[in-house]
Amino acid sequence: MITYFDQYKEHYRSIIRLGIPIVIGQIGIVLVGLADNIMVGQFNTLDLAAASFVNSSFNIPILFGLGFSYGLTPLVGQYFGRKNPVKVGQLLRNSLLVNLFIGILLTLIMGIFYLNIEKMGQPEELLPKIRPYFLLQLSSLIFVMLFNAFKQFSDGITNTRTPMFIMLSANLLNIIGNYILIYGKLGCPALGVTGAGISTLISRIGMLTAFIILFRKNNVYRPYLEGYKTTLYNKKDILSLNKMGWMVGIQMGLETSLFSLTGIMVGWIGSIALAAHQVVVAISTLGFMVYYGVGAAISVRISNFFGQGDLTNIRKTTMAGFHLIIVLAILASSLFFFSRHSIGWLFTQSGDVVQLVSTLILLLLAFQIGDALQITYANSLRGISDVVSMAVISFIGYFVIALPICYVCGFILDWGIVGIWTGYPIGLGITGLMLCARYYYITGKMAKTQKQIN
């Protein structure tokens, strides 16, 4: 057994070195989300329910946008592996343009959603709180997309620390802003959930501004800045970025859509269920973001090896990454299980919400392994640019299988929110297994091709 794991030592170290800054940055995002929910929940339960609806709605475009920008990372990683900084800078230039247009598109789509918000079946008393918070989130989408382009470029060249420091600084700014604006400190009015939205918008503008300055001034980025300045926008790169970006964005957006659409279903049950749903989704996002930080490191490493045509190390990186994510899943599951009866009190003073949270956490534990599978193999497929099949598999797993199960168990069988959550472990588990099968099919074909060439 020790000998088996010894062959992956180098890959464990490399993934951890790349992944720790990404994970810290991801945890920072989650902790700010948790801080938002805790602060808003302590202010008012209705504000927490309003935040739940808006955040569930925006999880789809934000995670799609993040996924779209992830399409840049394997392309950058391949040319970084070939030591071509000029091409990397050119890809960044084209990525910023593409991400700007995607940000505008997402803003328009969510703007239409806002104009029809009263038709979403949410409790009437939440609408005055939902509307201003929604508009503030809407205003930040373009800034999020442009920052994502810089972050994925930096991750692709294995400089994962700079984005980490920017994100942590912005998160600290966001928490301070929350404290001042939610509760009305330093002479400001107590704005509740609207204050959280203002703070989030300011922090997202700050993140983009900081990265632009560092890209122009930091010596680490100088070779890529030269490539950025000396190259032009071109159709080939724009098409490549769109092909990769749309497929990865759809894959991530589909999973997020599952949680967001079922979040709307939960709103049909009532404010208590919606508040509990928001709490457990916020908790589950902590595990997901940690796993996905490791997954992003897997994708970067695999894209480097894919650019070099090194199939052996592609396979070893995937397996090493899976080992690490499984360990993290076990640790997260232990933490969630032993804190299930008390963790809800961090978010709200409502005993009904806390009791429901403790029940839902048991279902949260049930899909940790499925999450580990789908994150590992989705990122491995992304690293070798096999993104179309990844999106198709995700659609089948989340929309064809999981979503109907959520509805049937929740409303036809009348199991309520517990029934809705029953669909999650089934959908994630099946999706993970299908992605795993696709990965081994593709790498098997690659091995046969290499054998024929040799």
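This text gives an overview of the structure that appears in the document. Counting of residues starts from 1 at the beginning of each chain's written sequence and follows it residue by residue. Given that this is a predicted model, residues contribute local features only at a pLDDT of at least 70 and side-chain atom pairs are listed and counted only at 80 or more, while totals for whole chains, interfaces and linings are drawn from all residues. Hydrogens and water molecules were not included; the side-chain quantities draw on all heavy atoms of the structure.

## A short note on the pattern of salt bridges
Right, so step 1: Basic side-chain nitrogens of Lys or Arg form a salt bridge, by our definition, when they fall within 4 Å of a carboxyl oxygen of Asp or Glu. Overall, the coordinates contain 4 salt bridges when judged by the stated rule.
Right, so step 2: As a salt-bridge pair, Lys87 and Asp237 come within 2.8 Å of each other at their nearest N and O atoms. A residue pair is termed long-range when its members are at least 10 positions apart, and Lys87 in helix H5 (residues 85-115) and Asp237 in helix H11 (residues 235-269) qualify at 150 residues. A single burial state applies to Lys87 and to Asp237, both of which are buried.
Right, so step 3: Between Asp386 and Arg438 there is a salt bridge, with its nearest N and O atoms 2.9 Å apart. Placement of Asp386 in the loop between helix H15 (368-383) and helix H16 (388-412) and of Arg438 in helix H17 (residues 416-453) is noted, with a sequence separation of 52 residues between them. A run of H or I in DSSP counts as a helix once it spans at least four residues, and a run of E counts as a strand once it spans at least two, with each numbered from the N terminus. Type-normalised accessible area, obtained with a 1.4 Å probe on protein chains alone, sets the label of each residue: buried when under 20%, exposed when over 50%, and partly exposed for intermediate values.

## Remarks on helix H8 (residues 161-183)
Right, so step 1: Over its 23 residues, H8 runs 33 Å from end to end, which matches the ideal 33 Å to within 8%, given 1.5 Å per residue.
Right, so step 2: Directly beyond the C-terminal end of H8, a positive phi value near 75° is found at Gly184. One less than the residue count of a helix, multiplied by 1.5 Å, gives the span that helix is expected to have.

## Things to note about the environment of Ile142
Right, so step 1: Residue placement: Ile142 occurs in helix H7 (residues 141-156).
Right, so step 2: According to the relative accessible area criterion, Ile142 is partly exposed, its value standing at 27%.
Right, so step 3: Residues Ile142 and Ile102 lie 40 residues apart in sequence; the distance between their C-alpha atoms is 8.1 Å.
Right, so step 4: Throughout, a contact is declared for two residues whenever any of their heavy atoms are within 4.5 Å. Sequence-distant contacts of Ile142, defined by excluding residues within four places in its chain, comprise Leu100, Gly103, Ile104 and Thr107.

## A short note on the packing of helix H4 (residues 72-81) against helix H12 (residues 271-308)
Each pair of packed helices can be summarised by the angle the axes make with each other and by the distance between the axes.
Right, so step 1: Two elements in contact, H4 and H12, have axes whose closest approach is 7 Å; the angle formed by their N-to-C orientations is 50°. One finds that H4 runs oblique with respect to H12. Considering the relative orientation of H4 and H12, their crossing is right-handed. Touching Thr73, Pro74, Gly77, Gln78, Phe80 and Gly81 of H4 are Val300, Ser303, Asn304, Phe306, Gly307 and Gln308, all from H12. To obtain an axis, a line is fitted to C-alpha atoms, over the contacting stretch when the element is a helix, and the angle between two such axes runs from 0 to 180 degrees between their N-to-C directions. Our angle categories are set so that under 35 degrees counts as roughly parallel, over 145 as roughly antiparallel, 65 to 115 as roughly perpendicular, and the remainder as oblique. Two helices crossing with the near one rotated counterclockwise from the far one by less than a right angle form a left-handed crossing, whereas a clockwise rotation gives a right-handed crossing.

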